[in-house]
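Residue-level structural notes
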Amino acid sequence: TIASLLRGITFRGLTDTPSGGNAAVLLVGITHLAASLVLAPNGYEDGCKISLPLLGGVVLWVAAVLRRVVAKGRFLPEDQRRRIQGMQLGLGSAGQTHHVE
């Protein structure tokens, strides 16, 4: 799980395994914790001058991580990926069902 978490944090994506799923949950927790910690200076006068740029940095970092995960296409099972690729190519859902077994 720690290795998978480090893969996610360093923009290498998350794997489609149970440890990758656990790492995704930990990544969400870490990003929310980071966002809350950078807002701590708001308790002081003019603290927003510090916290808002830091929050922007956290948001950009999270966006970069999520873009990398989505770009690798590892967030969907293989059958769903194939179905979406077929739809993008204009093949529709010919011969494909939406029934999950």
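Everything numeric here is computed off the predicted structure, so don't read it as measured data.

**Some details on the overall build of the protein**
Of regular secondary structure, the protein possesses 4 helices and 0 strands. Secondary structure of the protein in N-to-C order comes out as α-α-α-α. Among the 101 residues that make up the protein, the fraction classed as buried is 19%. Restricting to contacts in the protein with at least 6 residues of sequence separation, those with at least 24 account for 39%. Summed over its atoms, the accessible surface of the protein is roughly 7,300 Å², and 65% of this surface lies on carbon and sulfur atoms.

**Some remarks on the side chain of T31**
Along the polypeptide, T31 turns up in helix α2 (residues 18–38). T31 gets classed as buried once you look at its relative accessible area, which sits at 13%. Beyond its immediate sequence surroundings of up to four residues, T31 is in contact with V58, W61 and V62.

**Some thoughts on unusual backbone geometry**
One non-glycine residue with positive phi stands out, namely D46, at about 60 degrees. Its location among the elements puts D46 in the loop between α2 and α3 (48–72). Judged by its relative accessible area of 46%, D46 falls in the partly exposed class.

**Considering the confidence of the model for the protein**
On average, residues of the protein carry a pLDDT of 76, and 67% of them reach 70 or more. No element of the protein has a lower mean pLDDT than helix α1 (residues 2–9), which averages 66, and none a higher one than α3, which averages 84.

**What about the side chain of S51?**
Along the chain, S51 falls in helix α3. If we ignore the near neighbours within four places in the chain, the residues touching S51 are V38, L39, P41 and N42.

Analysis parameters
- Residues numbered from 1 in each chain as written.
- Predicted model: local features only at pLDDT ≥ 70, side-chain atom pairs only at ≥ 80, totals over all residues.
- Heavy atoms only, no water.
- Helix = DSSP H or I, 4+ residues; strand = E, 2+ residues; numbered from the N terminus.
- Buried < 20%, exposed > 50% of the residue type's maximum accessible area, 1.4 Å probe, protein only.
- Contact = heavy atoms within 4.5 Å.
- Areas by Shrake-Rupley, 256 points an atom, 1.4 Å probe, with all protein chains shown as cover.
- pLDDT = per-residue confidence, 0-100.

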